[in-house]
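One letter stands for each residue in the lines below.
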Amino acid sequence: MVKFSIDELRRQMDHNKNIRNMSVIAHVDHGKSTLTDSLVAAAGIIAQENAGDARLTDTRQDEQDRCITIKSTGISLFYEMSDEDLARLPKTVPRDGNNYLINLIDSPGHVDFSSEVTAALRITDGALVVVDCVEGVCVQTETVLRQALGERIKPVMTVNKLDRCFLELMLDGEEAYQNFCRVIENANVIMATYTDKALGDVQVAPEKGTVCFSAGLHNWAFTLTVFAKMYASKFGIDQDAMMAKLWGDNFFDPKEKKWTKKNTGSKTCMRAFVQFCYEPIRRVIEAAMNDNKDKLWPMLEKLQVKDKLKPADLDLLGKPLMKRVMQTWLPADVALLEMIIYHLPSPATAQKYRVDTLYEGPLDDKYAEAIRNCDASGPLMLYVSKMIPTADKGRFLAFGRVFSGTVQTGQKVRIMGPNYVPGDKKDLYIKSIQRTVLCMGRRQDSVDNVPCGNTVAMVGLDAFIQKNATITGEKEEEAHTIKAMKFSVSPVVRVAVECKNSQDLPKLVEGLKRLSKSDPMVQCQIEETGEHIVAGAGELHLEICLKDLQEDFMGGAEIRISDPVVSFRETVQGTSDHICMSKSPNKHNRLYFQAVAMDEGLAEAIDNGDVTPRDDPKTRGRYLADTYGWDKDLGAKKIWCFGPDTTGPNLIVDMCKGVQYLNEIKDSCVAAFQWATKEGVLAEENMRGIKFEIHDVVLHTDAIHRGGGQIIPTCRRVLYASALCAEPRLLEPIYLVEIQAPEQALGGIYSTVTQKRGMVIEETQRPGTPIYNIKAYLPVMESFGFTGTLRAATSGQAFPQSVFDHWEVLNSDPLNPDSQSGKIVLDIRKRKGSKPNVPPITEYEDKL
């Protein structure tokens, strides 16, 4: 029975101190959707009996079939809390009444969909990190935590799948305690590594109440407060003191009734957590599983649980009995809600410290102020982080979060795309919103308006928003955009698609447009050869995207899909063996350039945004001087531009002394450089990690003879020539694969990885389990079908997870057609339809 109406929900939206926006993040298969169900059930949207199996937030059919989450789904939940629940709310947390609204987003755990996680994190303020108590902190847990802390999102943690400790591993109390300790410590190490000063201390600890222990499938969970409440009266001390005693090195001897800081060695002396939390749960579970009801009922009467059970529940046996008893005694929603409400920030609190990382413009204008104060009557600022396909084929809802102001049905708004520059008309639309709706998992409910601090979906803007956008009021012309999101993975796997029937071509073009809207990460482009290219983060990501394309966006028209293609990068290893010169077509201008390999680590620094064209030149100059030993003035004033796409990891550096008219050709050189770095000389792939130095320029005195038409092609030719004589090389993308497997499967893993040109970099055993964790580098080229081969070699015992990690140089010479990289170059050029051989340097270089 749903416990709230849409009107109540709408009224609650105005109290922004009592709103919590949170996302559930974790490694794949650690139980996010299952855990979310218990929160949904507590709000009365699904029956308590189905919670854990319904997975309400997996809305698509293939999500239910594959049992994985693919798209992040939002749902708004409304709770009425009693005064005693809120009695221990910390003094620092403002509250306004007893009703709480929680906007929850369930995100996928798969590496391939980590862009969905980024989109979810951008519009929430807190995150519930779910970690499996047996597997511990995995590669993807680390990735999502890093993303969350980068967006300044406050984490709380739950250790999930606790039932495995009792039923599968049969751990005794001390082992279990050490296990939990290790998991929490590993998570805290990651949080400490990526922490942000503005966020303050984000470390989680059970005694602070920021760690919860749960079993999502059986729908029970507890924080230490639950037990502290039970025992505080018994020991006659207050609850906070009891909480501190229940974790860490505190031992209690019931025989002597004494607390000690270390184990006295007597038989009855036990760690407090084990004695007061773990053992009682274990005894209840054992009694229920063995149908030992004579023992079970007296225990439940002591816990005052027996009266809450229904008469029908008393006849259950085995596992169902255990589930029902545990759900009644330690309901999951109570523990999770307490943690969410007590320890996650409300929008009013969070936007104060998040505004610096969100807003692009000056941090003291009225828009930044309105975001900082979460002001519902201020100017509208809304960020759309993703598009959600609706039941209506081909239409999308724009899903986002209102940061300030109020968004209304029928309101006229300015839609600013990611490339919008204030004062310009580019990437700007002024349109009206047809309807504002709330996302409730599988269905949408319309409301009149939505004030700031809430998530909202809008109808009727899908034609004007590509992937994400900033929306503001019609008259707000000074407003800047909200910063674009940074994804932790990059689309390196590409396939070409074409239709089987040529008359379906318009469907395909339209379908690709819709596909690129529906996923924050996927890239659809048309090559010059007329191929339609779809680029994704990995095999699974592409498979899902293409399935969507065919079934949902093209109405079932058949398509042909090429083998996956990997994008390479071109680089140089040395310095050009001589300074290259090219003349312009009219023979009046000469450019002298040289290509140099960039310093180790600089290309990565540009990728990570440590060095950008938007930096203050002085600080950038100092950074380059300190880290890479550049000349101070060179890094500050002499870098002309970055490329490709004005931000990529290649540079033009001006090394000239006193050349006339040099600044007049700067624009033309920059244009040529963007062109050349986007399509390199070897195989028309992007360049990476090359620094081009301008050594001398001889120009005609007449402005008309040194226009763009003369300079751009010349500059491109000289860039190619200088790259060709500086030992050009190809870079291939490398995955970091993390494999979990038992010991007997290790042989199969090693042979499969080496067969695929991979390299194992570390192998660690999980303490207390027979499972090994193996990390290896694997070239993306070889990764297709890797999962299948690996499972065959280990008879299905190994579970791989791969994430794009870095670019690695192929050591053979690409100019020699018999070498490995020469063959790759040949293949790429054939596929792109250019001449099979790399042109000789004489095509690009001129003699004096």
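This report concerns the structure included in the present document. Quantities reported herein were computed from a predicted structural model and do not represent experimental measurements.

Okay, the overall build of the protein next. Along its length, the protein carries 25 helices and 35 strands. The C-alpha radius of gyration of the protein comes to 30 Å, within 12% of the 29 Å expected for a compact globule of 848 residues. Its C-alpha atoms put the protein at 100 × 65 × 60 Å along the principal axes. Burial statistics for the protein: of 848 residues in total, 58% are counted as buried. When contacts within the protein are restricted to residue pairs at least 6 apart in sequence, long-range pairs at least 24 apart make up 73% of them. Per element, the accessible surface of the protein, about 35,300 Å² overall, is 49% carbon and sulfur. For the protein, the separation between the mean place of its 103 positive charges and that of its 115 negative charges on side chains is 2 Å.

Looking now at a positive patch on the surface. Taken together, the side chains of K234, K257, R283, K295 and K302 define a basic patch exposed on the protein surface. In this structure, R283 sits in helix α10 (residues 272-289).

Residues spaced three or four apart along an α-helix point in a common direction, a consequence of the helix completing one turn every 3.6 residues. Where helix α23 (residues 746-755) is concerned, the buried positions are L746, G748, I749, T752 and V753. Each buried residue of α23 sits inside an arc of 160° when the element is viewed along its axis, so together they form one side. In α23, the exposed positions that point more than 90 degrees away from the buried face belong to T754 and Q755. Here the buried face of α23 lies against β32 (728-742), β33 (759-765), β34 (771-779) and α24 (786-793).

Glancing now at the packing of aromatic side chains. Counting across every chain of the model gives 23 aromatic pairs. Measuring from centroid to centroid gives 6.1 Å for F227 and W329, while their planes differ by 85°, and the two rings are edge-to-face. Placement of the pair is F227 in helix α8 (residues 224-235) and W329 in helix α12 (residues 318-329), with a sequence separation of 102 residues. No difference in accessibility class separates F227 from W329, as the two residues are buried. Ring centres of Y231 and F276 lie 4.8 Å apart, and the angle between their planes is 50°; this geometry places the pair in the tilted category.

Definitions and limits used
- Residues numbered from 1 in each chain as written.
- Predicted model: local features only at pLDDT ≥ 70, side-chain atom pairs only at ≥ 80, totals over all residues.
- Heavy atoms only, no water.
- Helix = DSSP H or I, 4+ residues; strand = E, 2+ residues; numbered from the N terminus.
- Rg over C-alpha atoms; globule rule 2.2 N^0.38 Å.
- Buried < 20%, exposed > 50% of the residue type's maximum accessible area, 1.4 Å probe, protein only.
- Contact = heavy atoms within 4.5 Å.
- Areas by Shrake-Rupley, 256 points an atom, 1.4 Å probe, with all protein chains shown as cover.
- Lys, Arg positive; Asp, Glu negative; His and termini not counted.
- Charge placed at Lys NZ, Arg CZ, Asp CG, Glu CD.
- Patch = residues over 30% accessible without salt bridge, like charges linked within 9 Å, V, L, I, M, F, W, Y side chains within 5 Å.
- Salt bridge = Lys/Arg side-chain N within 4 Å of Asp/Glu carboxyl O.
- Arc of directions from axis to C-beta.
- Phe/Tyr/Trp six-rings, centres within 6.5 Å; stacked < 30°, edge-to-face > 60°.

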